[in-house]
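Structure at a glance
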Amino acid sequence: MNPVAMLANNLIVGAILFALGMVGFLARRNLIIMFLSAEMMLQGVALNLVAFARYWGNLQGQAFTLFIITVAACEAGIALALILMLYRQRHSLDVSLWQDLREPGLDPVVDEVPLPLPPPEPSLPKLTPAGIEPRHQEETSHV
Amino acid sequence: MVLLPLLLGGAGIYLLLPRPGKRTGLAGALACGLALLLAGALLVHWGPLPVENILFYIFAAIAIAGGGLLVTQRNPVHAALSFALVVLSTCGLFLLQAAPFLMAATTIIYAGAIIVTFVFVIMLAQQAGLSDADHRSREPALACIAGFVLLGALLFVLHGTYTTRSLDNLLERTAAARNQDTVDSMRRTLGDPDNFLSAYRDEAANFRVPLPMATDMENAANELQLALRKEGLSADQVRGHLDRVYDAGWQARQRLGSLDAPPPVVPSFDRLPKNAQGEPIRDRAGQVALPHENVAHLGRLLFTDYLLAVELGGTLLLAATIGAIAIAGRRTEGLR
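Residues numbered from 1 in each chain as written. Chains lettered and ligands numbered in written order. Predicted model: local features only at pLDDT ≥ 70, side-chain atom pairs only at ≥ 80, totals over all residues. Heavy atoms only, no water.

Along its length, chain A carries 3 helices and 0 strands. At 24 Å, chain A has a C-alpha radius of gyration far larger than the 15 Å of a compact globule built from 143 residues. C-alpha atoms of chain A, sized along the principal axes, occupy 80 × 50 × 30 Å. Pairs at least 24 residues apart make up 58% of the contacts formed inside chain A by residues separated by at least 6 positions. Across chain A, 8 positive and 12 negative side-chain charges occur, with their mean positions spaced 5 Å apart. (Helix = DSSP H or I, 4+ residues; strand = E, 2+ residues; numbered from the N terminus. Rg over C-alpha atoms; globule rule 2.2 N^0.38 Å. Contact = heavy atoms within 4.5 Å. Lys, Arg positive; Asp, Glu negative; His and termini not counted. Charge placed at Lys NZ, Arg CZ, Asp CG, Glu CD.)

Taking 1.5 Å as the rise per residue, helix α13 (residues 307-327) of chain B with 21 residues should run 30 Å; its terminal C-alpha atoms sit 30 Å apart, in good agreement. Those residues of α13(B) lying buried are G313(B), A320(B), G323(B) and A324(B). End-on view of α13(B): buried residues confined to an arc of 95 degrees, all on one side of the axis. Across α13(B) from its buried face, at more than 90 degrees, point the exposed residues L308(B), L318(B), I322(B), I325(B) and A326(B). Its buried side turned inward, α13(B) meets α3 (60-90) of chain A. (Expected span 1.5 Å × (residues − 1). Buried < 20%, exposed > 50% of the residue type's maximum accessible area, 1.4 Å probe, protein only. Arc of directions from axis to C-beta.)

So, about the packing of aromatic side chains. One pass over the full model with this rule turns up 5 aromatic pairs over all chains. Aromatic side chains F35(A) and F118(B) sit 5.4 Å apart centroid to centroid with 45 degrees between the ring planes, which places their arrangement in the tilted category. Here F35(A) is found in helix α2 (residues 31-56), whereas its partner F118(B) is found in helix α5 (residues 100-125) on a different chain. On the accessibility criterion, F35(A) (9% relative accessible area) is buried. Judged by relative accessible area, which is 0%, F118(B) ranks as buried. Judged by centre distance (5.0 Å) and plane angle (70 degrees), the ring pair of Y55(A) and W56(A) falls under edge-to-face. On the accessibility criterion, Y55(A) (15% relative accessible area) is buried. (Phe/Tyr/Trp six-rings, centres within 6.5 Å; stacked < 30°, edge-to-face > 60°.)

Our focus in this paragraph is unusual backbone geometry. For H91(A), which is not glycine, the phi dihedral falls at a positive 55 degrees. Note on placement: H91(A) falls in the segment after α3. Phi angles above zero are rare outside glycine, and A98(B) is one such case at about 60 degrees. Looking at the element boundaries, A98(B) is found in the loop between α4 (76-96) and α5.

Moving on: the pattern of salt bridges. Pairing between side chains becomes possible if they bear opposite charge and their charged atoms approach one another. Residues and elements named next belong to chain A. Applying the stated criterion across every chain yields a total of 5 salt bridges over all chains. Among the salt bridges present, the one from D94 reaches R29, with a minimum N-O distance of 2.9 Å. A residue pair is termed long-range when its members are at least 10 positions apart, and D94 in the segment after α3 and R29 in the loop between α1 (3-27) and α2 qualify at 65 residues. Residue D94 shares its accessibility class with R29, and that shared class is buried. (Salt bridge = Lys/Arg side-chain N within 4 Å of Asp/Glu carboxyl O.)

Listed by partner, the interface residues are 97 residues for chain B and 81 residues for chain A. Summing both sides of the interface, chain B and chain A together bury roughly 8100 Å²; the carbon and sulfur share of this comes to 74%. Three residues stand out in chain B for area buried against chain A, namely Q97(B), R136(B) and R138(B), and they jointly supply 9% of the buried area on that side. Linking chain B to chain A there are 0 salt bridges. Linking chain B with chain A are 9 residue pairs in polar contact (both at pLDDT 80 or more), by the criterion used here. At the level of elements, α3 (51-72), α4, α5, α6 (140-161), α11 (235-256), α12 (294-304) and α13 of chain B are the ones that each hand at least two residues to the side of chain B that touches chain A. (Buried area = accessible area lost by both parts, 1.4 Å probe. Polar contact = N/O pair within 3.5 Å; in protein donor to acceptor, adjacent residues only side chain to side chain.)

Looking now at the packing of α2(A) against α4(B). Between α2(A) and α4(B), the least distance of the axes is 11 Å, while the angle of their chain directions is 5 degrees. Between α2(A) and α4(B), the angle is such that the two are roughly parallel. Contact residues: α2(A) offers I33(A), L36(A), E39(A), M40(A), Q43(A), A46(A), L47(A) and V50(A), while α4(B) offers P76(B), A79(B), A80(B), F83(B), V86(B), V87(B), T90(B), L93(B) and F94(B). (Axes fitted to C-alpha atoms, helices over the stretch in contact; angles between N-to-C directions. Parallel < 35°, antiparallel > 145°, perpendicular 65-115°, else oblique.)

Within the secondary structure, L256(B) is located in helix α11. You can call L256(B) buried: its relative accessible area is 3%. Dropping the residues within four chain positions of it, L256(B) is found in contact with V4(A), Y162(B), T164(B), L167(B), N206(B), R208(B) and V209(B).

Turning our eyes to something else, we now look at the state of the cysteines. The tally for this structure, following the rule as stated, stands at 0 disulfides over all chains. Unpaired in terms of disulfides, C32(B) finds its nearest cysteine sulfur in C144(B), a separation of 9.0 Å. (Disulfide = S-S within 2.5 Å.)

Below, the discussion takes up the confidence of the model for chain B. Looking at chain B, the pLDDT average stands at 81 and 88% of residues meet or exceed 70. With pTM at 0.80, the complex prediction returns an ipTM value of 0.84. (pLDDT = per-residue confidence, 0-100.)

Right, dumping it as structure tokens:
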């Protein structure tokens, strides 16, 4: 491929990854998926840098990408620690539970459309138990 | 024409975002697939494709599809796996851009460490499966509009920068004129020669064409103008001038680079790029050679040019580790 055409095509792919990551970050409510979209934005930027490094024939772009990976790793560690703390408070990964932190003057997002009910469980025949039922251990996660 | 796959992709992603109620998944998937196919049809130039191009298109398609999946999956574990797919295809693209160390490093760090940590946190925090929040989106319409307006702006700028439509038009007319038999028919095929030459000089004045090539184009245009004004020249002599005009324009087009399909190539020309002063050495395809030992040269860069950044990066990692342990420390009542 013509080197400039290859550069342009890689820039296009990087732009698409960045925009998709932005859509995911803005639209989703699960904290984990929001953070994964932010990481995808970083991948798009990294692709841009490596494409420019190839075009200009030096390794500066690749060195900077290495630093992006480093910072992304730090960011992932701290963000996941924060997510765990948030989970401990409300026992949910929903970001809408923290709407008290929004800017003053904005209306909160309220779920108006109810989720469809799960299909009713089929009625199973009740059999007489045989033997003694053992004690069950409650499984909980200690986060 | 760039607009249509963009609109289709935006509509597709909007339909695919999780929402309670009716299932719009199939329509959204169809719209996204159609957008991808249209974009491919616009950008891919059919004909003999080298392996490098085929691999690029495959990796790019998988990366974009993985990105779409990541954004629209309900199950966070499925989203983490789509992110792994995006990272692996981006690593493939890194390898195509002569960055083998970055490919290995990204695969190990992202797909090996970061995604595993994510899956750990999902397993700790969301053991009941999908929560209510996973079936809803916050403002899907506004988010899609924002993201795709940004993408439209970026693609518009890229398309405007990397296009050579006017130069291609001029090159086609030169090639058509060159194939004529008499000077009069050559003149007629060029259209108005003064018009043609002024348009050609405008192309040479493009700031992205390097100075030696622009000078070549100017000289060829001047020679052609003199030749067309003189009487009694044979068709072969004018053809020689037209050849030089085409050659100089072709070299400039290779440097400008384009997302458009190349104009028809007249086979008798020498396509090897001229060696200009102060330019890095390029091979026959016009590509600059990167050093072969990627890891050695990256290491030398990191320890000489970017030493401060490496030290700061190490300090940042240390601070982040201490911070993460302090934030999500042990579950003792007294500490919190």
